[in-house]
Amino acid sequence: MSTVNSQDNEDTFKILVATDIHLGYLEKDPVRGNDTFVTFNEILDHAQKNEVDFILLGGDLFHDNKPSRKTVHSCLESLRKYCMGDRPVQFEILSDQAVNFHYSKFPWVNYQDENLNISIPVFSIHGNHDDPTGADSLCALDILSCAGLLNHFGRSTSVEKIDISPILLRKGRTKIALYGLGAIPDERLYRMFVNKQVTMLRPKEDEDSWFNLFVIHQNRSKHGATNYIPEQFLDDFIDLVVWGHEHECKIAPFQNEQQCFYVSQPGSSVVTSLSPGEAVKKHIGLLHVKGKIMKMEKIALETVRTFHIEDIVLADHPDLFHPDNPNVTQAVQAFCMEKVELMLDTAERERLGNPRQPEKPIIRLRVDYAGGFEPFSVHRFSQKYMHRVANPKDIIHFFRHREQKEKKDIDLNFGKLVSRPAEGTTLRVEDLVKQYFQTAEKKVQLSLLTERGMGEAVQEFVDKEEKDAIEELVKFQLEKTQRFLKERRTDAVEEKIDEEVRKFRESRKKNTEEEDKEVREAMIRARAHRSEGDALVAASSDEDSMDIERMGISNPSDGLSSTLSRGRGRARGRARGARGQNSTARGSSRRGRVFRSSKTDHSSNSFQSYSEDIIDIDSDPEDTSFVPSSKTNQRLPATSSHSKRGSQSQASRGIEYESDEDDPFMSSAMSRRAK
C-alpha cells in the first residue's frame, strides 16, 4: 500500500491556489492594519505544511499599484521565510522559459537559479490593482521577480493580438499546461475575444495528455454590456479555470455545461468592501492533479477577521415604526442597536472556537429608510462601539431604495435616472466620466475628445498618478485633428470647421481599436514626459553636488552647514544618485531540455450543449475529484520546435466523483528526490 501511495505522490501535483490577497489594504488603520500580512503568512504556512509543489496566485497580491515600503518589506520577509529552503522541487519545466518570461532580465524560473535556494516556487499573474504602469511598464510583482522570490507570468502588452503561451510542467507521468493572463481592461479584452484576437497556444506533442490550467483576473459577473468576460469566450480544451478578481469565495469547481470545463473562484482573503459577497467564509484551495483527474480541497482561513452584514427595511415594520410618530427616530436607533448586539454575539460565538481569529469583528447594518423616515446621527451611534468593532465609523449605512418608473417625456433628469449603485459595487472612473458627458448640457459637451479617451486619461491620472496624462491626450488629439483639417483643406469658416471636427470625432468613436492606440500613445508620451522631468531633477541635483566639490569641501554635510551659515539659513541636502546596473539574460540552454510552443491558426469556439455522466456521488463535499467530461470537437494543431507528432483529436472526457475509500489522494508523505 505504501508503494502505491508513493507512486501516487510521484505522479501527483499539489498546488496551493489563492487570489486577491491585497497586501497593504488599510495598513494605516490601527485595528485592521496588519490583517493582510497575518493572513498572507497563514496562506504560506499552509503551503509549507502541506509540502505543495508550487503556489499559484490569481492576481492582486498588492492592494496599491505603488505599495508602501512597509508592504513590500513584509511581503519579501514572508516569501523568504516560507518559500526558501532545502526541500527539493520535484517537477520540471519543459517549455521554453525565454518565451514564458520574455519580459524579465532573468528569463527562467526562480528555483533553477543556481544562486537561489527555493523550496516552494510561486507563480503569479498581475491583477488590476498591481498591474504594470509607468514609462518602463513595471509593477510590484516585477520587483519580487527580480529578487528571485516569485515568477511573474501571463503578461501581455499588445493591444492588437494576444498569444498565450503555456508554462509546461511535468511531474512523473502528470503533465500540466499552465496558462495565465494578467488583468486587462474588460471592454478591451471583450472586444479582442469577439474579434478572435486572443489565441491560446497548445503543445503539439501528446496534446490530449496535458492537464490544461488557466488563471485569469477579470470581471466574471456582468457589470455592463461588455464590461466582463463570458466563460463561453474561453477555449473548450481547458480543464480548469482559476478565476481571480471576484471576491466572493466560490472555490468548489463548478462545471460550465456549455464549454465542459470547470471554474474555481477562490475569492479574496481579506474583506475590502462591506458587501454581502465578502461575508462568505474565506478559503484557499489545495489542488491535486494526477493525469487528467483533479481534486480541490478547501482550506478555511482562520486569521481572517469575521464580517457580519444585515439589511433592515423600516417600511417592513409598520407595527414598530411610523413616520408620524415624534419619537420614531429614537425607536429606530434602539432597534438598530439591538440588531448590532445580536451580530456581535454571533461573532463572539464564532471566535470562541478559533483563537487565531482577530478579536474585533467587522459589522455592517444597512438601513433602508424609504417611506418618510429620517436617519439618525451615525457618528453618535458609532461612538458606542469604538472598542468593540473593527469598523466603528462604518457600522450603519443609510440608503433609500428607489423604484424605477418608466418615463415617456424627453427631458431627462440625470439625478433621478442614475440610481444609487449597490454597496460593494466598484465605480470606475471612466464610467463616471462617460455618464457625466452623456448627460451634461450642450455647452459643456466634448467637441474634440471622446468620452472613452478622456475617461481612460482621467483613470491614469487618478489610479496611476500620471500627472501629464490628460494634458498629453489633449495635445495628441489636437495635433491629429489639425493634421486632418489640413489634409481636407477645410475652408477657414467656423461652421465648416466645426462640422469637419464633428465628423472626425464620430469616425474615431466608431473605430475603437484606433482610439485605444491613440490613448496608449498619449499615455506613453505622458510617461516619457515624466521621465524627462525626473532626469532633469536628477541632473540639477548632480550639478549641486559638483558645485559643492568645486568649493573644496571634503565632507559636504559638514561643509554645507559651515559655509551656508553665513548665507540664508539651511541649504538643500545632496541628491543621491543611483547607479545603473546591467545584466545579461542567460539562455535557456543552461536550464535543461525545453521546447517552445508556437502559434498556428485557431479554430472558432464551439458553443454546444454537453451532457455529463455521474458515476458516484459519495464524495466528501470538501474534497471533490473531477475528470473532464466527454465531448468531441475538431482541434487545429499548434506547432512546437521539438514536436514529432501529427494532427491531434479531442480526447473524450467524463466527470467522476470519487469516494473517500477510492481516493487516490489519501494523505501520505511526499517522496523526495535529490536535486
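Since we're looking at a predicted model, the values are computed, not measured.

Here is what the cut-offs are and how they apply
- Residues numbered from 1 in each chain as written.
- Predicted model: local features only at pLDDT ≥ 70, side-chain atom pairs only at ≥ 80, totals over all residues.
- Heavy atoms only, no water.
- Helix = DSSP H or I, 4+ residues; strand = E, 2+ residues; numbered from the N terminus.
- Buried < 20%, exposed > 50% of the residue type's maximum accessible area, 1.4 Å probe, protein only.
- Contact = heavy atoms within 4.5 Å.
- Areas by Shrake-Rupley, 256 points an atom, 1.4 Å probe, with all protein chains shown as cover.
- UniProt positions renumbered as here; feature names shortened; annotations may be inferred.
- Pairing = 2+ DSSP bridges.
- Axes fitted to C-alpha atoms, helices over the stretch in contact; angles between N-to-C directions.
- Core = buried A, V, L, I, M, F, W, Y, C linked by side-chain atoms within 4.5 Å.
- Lys, Arg positive; Asp, Glu negative; His and termini not counted.
- Salt bridge = Lys/Arg side-chain N within 4 Å of Asp/Glu carboxyl O.
- Polar contact = N/O pair within 3.5 Å; in protein donor to acceptor, adjacent residues only side chain to side chain.
- Expected span 1.5 Å × (residues − 1).

The helix and strand inventory of the protein chain stands at 15 helices and 21 strands. Taking all 675 residues of the protein chain together, 49% fall into the buried category. Contacts in the protein chain between residues far apart in sequence, at least 24 positions, make up 76% of those at least 6 positions apart. On the protein chain, roughly 35,300 Å² of surface is accessible, and the fraction owed to carbon and sulfur atoms is 49%.

Moving on: the UniProt feature "active site" (unreviewed entry) in the protein chain. Under the UniProt annotation, the feature "active site" (unreviewed entry) is placed at His129. Along the polypeptide, His129 turns up in the loop between strand S4 (122–124) and helix H5 (140–146). In this structure, His129 is in contact with His22, Asp60, Phe62, His63, Asp64 and Asn65, ignoring residues within four places of it in sequence.

This brings us to the side chain of Asn110. Within the fold, Asn110 resides in the loop between helix H4 (97–100) and S4. The contacts of Asn110, once residues within four sequence positions are left out, are Leu116, Ile118, Pro121, Gly148, Leu149, Leu150 and Asn151.

Once that is clear, we can look at the sheet that holds strand S11 (residues 240–244). Reading across from one edge, S3-S7-S8-S10-S11-S13-S12 is the order of the seven strands in this open sheet, with mixed pairing throughout. Strands at the two margins of the open sheet, each flanked by one partner only, are strand S3 (92–93) and strand S12 (250–255). Of the pairings in the sheet, the one linking S3 to strand S7 (residues 167–171) comprises two bridges and is antiparallel in character. Looking across to S7, one finds that Glu92 is bridged to Arg170.

As a further point, take the sheet that holds strand S17 (residues 362–368). Here we have three strands laid out as an open sheet, ordered S16-S17-S18, and parallel in their pairing. Looking at which strands have only one partner, the edges of the open sheet turn out to be strand S16 (307–313) and strand S18 (396–399). Pairwise comparison of adjacent strand axes, ignoring direction, gives a mean angle of 15° for this sheet. Bridge analysis of S17 against S18 gives four bridges, and the strand direction is parallel. Paired with Leu365 across the two strands is Ile396, which belongs to S18.

In this section: unusual backbone geometry. Although it is not a glycine, Leu26 adopts a positive phi angle of roughly 55°. As for its position among the elements, Leu26 is in the loop between strand S1 (12–18) and helix H2 (35–49). Phi angles above zero are rare outside glycine, and Lys196 is one such case at about 55°. Here Lys196 shows up in the loop between helix H6 (186–194) and strand S9 (198–200).

When you tally the buried positions in strand S14 (residues 283–290), you get seven out of eight residues, the bulk of the element. For S14 and strand S15 (residues 293–300), the ladder comprises eight bridges, and the chain directions are antiparallel. Looking across to S15, one finds that Gly285 is bridged to Lys298.

Burial within S7 is extensive, with four of its five residues counted as buried. Across five bridges, the pairing between S7 and strand S8 (residues 174–181) is antiparallel. Counted as the bridge partner of Ile167 is Leu178 from S8. Between S7 and S8, which follow one another and run antiparallel, lie two residues, and Gly172 among them has a positive phi close to 60°.

With 31 residues, the main nonpolar core has Leu16, Ile55, Leu61 and Leu79 as its most contacted residues. Among the elements that make up this core, the one with the highest residue count is H2 (five residues). Look past the residues within four positions of Leu79 in its chain and what remains in contact with it is Phe40, Leu44, Met84, Val122, Leu144 and Leu149. The next biggest cluster of nonpolar side chains, apart from the first, holds 29 residues, and it includes Leu56, Tyr111, Ile167 and Leu240.

Turning next to the side chain of Glu27. Secondary-structure assignment places Glu27 in the loop between S1 and H2. An unpaired buried charge is present at Glu27: no salt bridge exists, and Lys70, the closest side chain of opposite charge, is 5.0 Å distant. Here the side chain of Glu27 touches Thr71 through a polar contact of 3.0 Å, side chain to side chain.

Helix length check: helix H12 (residues 469–488) (20 residues) gives 29 Å between terminal C-alpha atoms against 28 Å at 1.5 Å per residue, within 8%. The set of residues buried in H12 consists of Ala469, Glu472, Leu473, Phe476, Gln477, Lys480, Thr481, Phe484 and Leu485. Arg489, located one to two residues past H12, shows a positive phi value of around 55°.

Within this structure, the stated rule accounts for 16 salt bridges. In this structure, the salt-bridge partner of Glu92 is Arg170, at a minimum N-O distance of 2.6 Å. Taken together, the positions of Glu92 in strand S3 and Arg170 in strand S7 put the pair 78 residues apart, joining distant regions of the chain. When its relative accessible area of 26% is taken as the criterion, Arg170 is described as partly exposed. With its nearest N and O atoms 2.8 Å apart, the salt bridge here joins Glu231 to Arg220. Residue Glu231 is found in the loop between strand S10 (210–217) and S11, and its partner Arg220 is found in the loop between S10 and S11; the two are separated by eleven residues along the sequence.

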